[in-house]
Amino acid sequence: MIRKFISRVFGGKSNGAPLQKTGSASAKDSKAAVIPRSTHGISRDQISSGSRRVCETLQSHGYKAYVVGGAVRDLLIGATPKDFDVATNATPEQARRCFRRSRVIGRRFQIVHAYMGQEIIEITTFRGGLVDEAKTDAHGRVLQDNVFGTQAEDAARRDFTVNALYFDPATEQIVDYHHGVADLKQKTLRMIGNPRLRYREDPVRMLRAVRLAAKLGLSIDPEARHPIREMAELLENVPASRLFDEMLKLLTSGHAVKCLQQLRAEGLHHGVLPLLDVILEQPLGEKFVLLSLANTDERIRQGKSSSPSFLFATLLWHEVLSVWERIKAGGESSIPALYQAMEEVLNIQGEKLAITRRIAGDIKEIWALQPRFEQRAGRRPYAVLEHPRFRAAYDFLCLRAQAGELDAELADWWTRFQDADGEARSQMLLPDQGARKKRRRRKPRAASAPTAPAEQG
Ligand code: ATP
Ligand code: MG
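Residues numbered from 1 in each chain as written. Chains lettered and ligands numbered in written order. Predicted model: local features only at pLDDT ≥ 70, side-chain atom pairs only at ≥ 80, totals over all residues. Heavy atoms only, no water.

## Describing helix α10 (residues 222-231)
For step 1, the next point in the chain: Among the residues making up α10, those that are buried are Ala224, Pro227, Ile228 and Met231. For α10, the arc enclosing every buried residue in end-on projection is 125°, short of the 170-degree limit, so these residues lie on one face. Summarising the geometry of α10, the exposed residues directed more than 90 degrees from the buried face are His226, Arg229 and Glu230.
For step 2, the next point in the chain: Those residues of α10 that are buried lie in contact with α8 (195-201), α9 (204-216) and β10 (219-220). (Buried < 20%, exposed > 50% of the residue type's maximum accessible area, 1.4 Å probe, protein only. Helix = DSSP H or I, 4+ residues; strand = E, 2+ residues; numbered from the N terminus. Arc of directions from axis to C-beta. Contact = heavy atoms within 4.5 Å.)

Laid out in structure tokens, this is it:
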């Protein structure tokens with residue numbers, strides 16, 4: 001996670017050597033509170049064994065080492081951390097030498113992956129404050145940040161006070177430079193430093209603010225909240241792939257519905273987040289999308305997975321429906337029109353949202369299977385069952401039924417059909433109509449649409 005944050009946000013070059021730098025605005029704020037376990041309540045048993053051993057090993061070699069960031073924050077509010085990252089004053093090369101199974105990764109800002117049994121622990125060297133001449137784009141977004149620094153500087157470079165907490169497994173103390181523990185107690189998400197400057201350096205922090213507030217049940221401190229509306233347009237300059245990653249994090253946070261409501265309340269959707277415009281600007285689709293996100297939230301809270309392709313298939317579905325209608329109204333017949341609509345929507349949105357080719361392929365399969373569910377005679381339902389995307393497409397069908405978009409009877413039929421045994425299954429098939437046989441003899445139409453079912457009239 002931290003690696004991503006470093007390499008995505010600040011894509012500078014690093015030669016791996018610890019650079020000593022000066023002049024950072026953050027260096028002056030170096031007084032930290034050291035909070036004992038009796039006050040904060042976290043014990044070393046609550047962190048993963050891998051991260052604990054990584055800290056112990058680094059410390060035994062004379063380095064500082066802490067579990068840092070989201071993990072400490074999550075433990076403090078009683079949530080289960082996604083991962084345990086370690087921060088140290090050892091350089092990547094020094095850290096690597098402490099572990100038998102480890103490697104330096106990343107060409108820009110290097111970090112170390114240490115393999116501890118099943119766990120991979122990310123070890124990051126403390127990062128320095130931004131030097132005055134840090135490279136930025138025309139809007140002030142920081143493009144390069146490749147300097148190692150002190151722990152105090154590292155803390156100041158993090159985004160929110162609750163994310164700048166360092167837990168030392170040896171002493172079970174938390175080192176807190178920016179009153180993060182107190183903020184967490186008061187349920188406040190507070191930016192470190194001047195929020196306007198920090199959003200300018202990295203506009204994605206606006207999205208992180210909304211996501212973390214929703215996920216952690218915190219309210220965004222007014223000083224960090226107010227500038228969001230007026231600075232929202234800075235998100236337009238963020239590379240699409242980074243926005244995609246952040247949106248995906250948001251949508252799979254288990255609190256997507258809350259996040260979306262909050263994004264909307266903060267004025268963060270219009271124009272700047274193409275995906276949200278898609279979701280929120282189509283009255284017909286909104287019910288479907290909210291249902292889908294509520295389902296996803298539920299799945300994630302139950303610890304189940306959620307695939308990006310399914311999610312994006314639901315988010316863009318109503319866009320496809322409306323384009324499909326338009327093409328059909330132009331005289332094209334149903335299935336070819338669907339294929340054209342899928343292409344059109346994915347061409348436009350795919351680029352804006354940085355949807356990868358692989359995901360786009362999966363999305364199309366989910367969509368293309370939808371009309372095939374309506375064919376319940378002959379061999380066709382069996383072929384649908386065998387399709388590698390059947391599961392996702394069936395879940396999609398159920399969602400459509402739930403949204404009132406099609407008859408629930410159809411989804412029920414498929415629920416029963418897949419569970420039925422051979423004999424019961426064949427009895428469920430609807431009578432084949434002669435007309436269809438005739439059509440089947442027709443040559444397949446578009447070469448680009450191998451799975452397109454025959455026309456249903
Ligand atoms: P999550 O629960 O989603 O993992 P997180 O806060 O741990 O939330 P990560 O992306 O894993 O988020 O980042 C790890 C840490 O790196 C954060 O806690 C924060 O200290 C720092 N960080 C991440 N992104 C940024 C950013 N854009 N600007 C400043 N600091 C950041
Ligand atoms: Mg994290």
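## What about the sheet that holds strand β5 (residues 111-116)?
For step 1, the next point in the chain: The sheet built from eight strands is open, its strands ordered β1-β8-β7-β2-β3-β6-β5-β4 with mixed pairing. Of all strands in the sheet, those bounded by a partner on one side alone are β1 (33-35) and β4 (102-105). Averaged over neighbouring strand pairs, the angle between their axes works out to 30° when direction is ignored.
For step 2, the next point in the chain: Relative to strand β8 (residues 173-176), β1 runs antiparallel, the two being bridged by three bridges. The residue of β8 that forms the bridge with Ala33 is Asp176. (Pairing = 2+ DSSP bridges. Axes fitted to C-alpha atoms, helices over the stretch in contact; angles between N-to-C directions.)

## Details of the pairing of β4
For step 1, the next point in the chain: Bridging between β4 and β5 involves four bridges; their strand directions are antiparallel. Bridge pairing in β5 places Ile105 opposite Ile111.
For step 2, the next point in the chain: Taking the residues that link successive antiparallel strands as the turn, the β4-β5 hairpin has five residues, and the phi of Gly106 there is positive, at about 85°.

## Focus on the environment of Ala393
For step 1, the next point in the chain: If you trace the backbone, Ala393 turns up in helix α19 (residues 390-402).
For step 2, the next point in the chain: Looking at Ala393, the relative accessible area reads 0%, which means it is buried.
For step 3, the next point in the chain: As a C-alpha pair, Ala393 and Leu369 span 24 residues in sequence and 6.4 Å in three-dimensional space.

## A few points about the nonpolar core
For step 1, the next point in the chain: Formed by 72 residues in total, the largest nonpolar core has its most connected members in Leu189, Leu268, Leu293, Phe312, Ile355 and Trp367.
For step 2, the next point in the chain: Counting residues per element, this core draws most heavily on helix α15 (residues 308-329), which supplies twelve residues.
For step 3, the next point in the chain: Here this core spans two domains, and each of domain 1 (1-186) and domain 2 (273-430) adds at least three residues to it.
For step 4, the next point in the chain: Apart from the residues within four sequence positions on either side, Trp367 is in contact with Phe312, Ala313, Leu316, Trp317, Val320, Leu338, Met342, Val345, Leu346 and Phe396.
For step 5, the next point in the chain: Within the second largest apolar cluster, 26 residues are counted, among which are Cys55, Leu75, Phe84 and Val181. (Core = buried A, V, L, I, M, F, W, Y, C linked by side-chain atoms within 4.5 Å. Domains from an automatic or database assignment.)

## A few points about the pattern of salt bridges
For step 1, the next point in the chain: Evaluation of the coordinates by the stated rule reveals 28 salt bridges.
For step 2, the next point in the chain: When the shortest N-O distance is used, the salt bridge between Arg158 and Asp154 registers 3.0 Å.
For step 3, the next point in the chain: Residue Arg158 is classed as buried on the basis of its relative accessible area, which comes to 7%.
For step 4, the next point in the chain: Of the residues examined, Asp154 reaches a relative accessible area of 3% and is grouped as buried.
For step 5, the next point in the chain: The residue Arg208 makes a salt bridge to Asp159 at a minimum N-O spacing of 2.6 Å. (Salt bridge = Lys/Arg side-chain N within 4 Å of Asp/Glu carboxyl O.)

## A short note on the packing of α15 against α19
For step 1, the next point in the chain: Relative to each other, α15 and α19 sit at 35°, their axes nearing to 11 Å. In terms of crossing hand, the pair formed by α15 and α19 is right-handed. Contacts from Phe310, Ala313, Thr314 and Trp317 of α15 reach α19 at Ala392, Asp395, Phe396, Leu399 and Arg400.
For step 2, the next point in the chain: Residues of the contact of α15 with α19, tallied by class, amount to six nonpolar, one polar and two charged. (Left-handed = near helix turned anticlockwise from the far one by under 90°. Nonpolar A, V, L, I, M, F, W, Y, C, P; charged D, E, K, R; others polar.)

## Some remarks on the environment of Gly149
For step 1, the next point in the chain: By the element assignment, Gly149 lies in the loop between β6 (119-125) and α6 (151-157).
For step 2, the next point in the chain: In this structure Gly149 comes out as partly exposed when scored by relative accessible area, which is 24%.
For step 3, the next point in the chain: Along the primary structure Gly149 and Asn89 are separated by 60 residues, whereas in three dimensions their C-alpha atoms are 7.9 Å apart.
For step 4, the next point in the chain: Contact partners of Gly149, with chain neighbours within four places excluded, come to Phe126, Arg127 and Gly128.

## Considering the packing of aromatic side chains
For step 1, the next point in the chain: For the coordinates displayed, the defined rule picks out 16 aromatic pairs.
For step 2, the next point in the chain: Relative to Tyr394, the ring of Phe390 has its centre 5.8 Å away and its plane inclined at 15°; by these criteria the two rings are stacked. Taken together, the positions of Phe390 and Tyr394, both in helix α19 and four residues apart, correspond to about one turn of that helix. You'll find Phe390 and Tyr394 in the same group, each marked buried.
For step 3, the next point in the chain: In textbook terms, an aromatic cluster arises when at least three aromatic residues are bridged by ring pairs, as seen for Phe373, Tyr382, Phe390, Tyr394, Trp413, Trp414 and Phe417.
For step 4, the next point in the chain: One cation-aromatic arrangement involves Lys328 over Trp324; the distance from NZ or CZ to the ring centre is 4.3 Å.
For step 5, the next point in the chain: Above the face of the Tyr382 ring, Arg379 is positioned so that its terminal group lies 4.4 Å from the ring centre. (Phe/Tyr/Trp six-rings, centres within 6.5 Å; stacked < 30°, edge-to-face > 60°. Lys NZ or Arg CZ within 6 Å of the ring centre and 35° of its normal.)

## Things to note about unusual backbone geometry
For step 1, the next point in the chain: If you check the backbone angles, Glu172 has positive phi at about 60° while not being a glycine.
For step 2, the next point in the chain: Here Glu172 is to be found in the loop between β7 (165-168) and β8.
For step 3, the next point in the chain: The residue Lys187 is not glycine, and still its phi comes out positive at about 55°.
For step 4, the next point in the chain: Relative to the elements of secondary structure, Lys187 occurs in the loop between α7 (180-185) and β9 (188-189).

## Points about the confidence of the model for the protein
For step 1, the next point in the chain: Chain-level pLDDT for the protein is 85 on average; 83% of the residues reach the 70-or-more range.
For step 2, the next point in the chain: For residues 446-457, every residue scores under 50 in pLDDT, and the model assigns this stretch 20 contacts once sequence neighbours within four places are set aside. (pLDDT = per-residue confidence, 0-100.)

## Observations regarding the pairing of strand β2 (residues 65-68)
Side-chain direction in a regular strand flips from residue to residue, so the side chains alternate between the two faces of the sheet.
For step 1, the next point in the chain: Because side chains alternate across β2, one face comprises the buried residues Ala65 and Val67, and the other comprises Tyr66 and Val68, equally buried.
For step 2, the next point in the chain: Both β2 and strand β3 (residues 85-88) contribute to a ladder of four bridges, which runs antiparallel. Following the sheet pairing, Tyr66 is matched in β3 by Ala87.
For step 3, the next point in the chain: As judged from the two bridges shared by β2 and β7, these two strands associate in the antiparallel manner. Each bridged residue has a counterpart across the sheet, and for Val67 the counterpart in β7 is Phe167.

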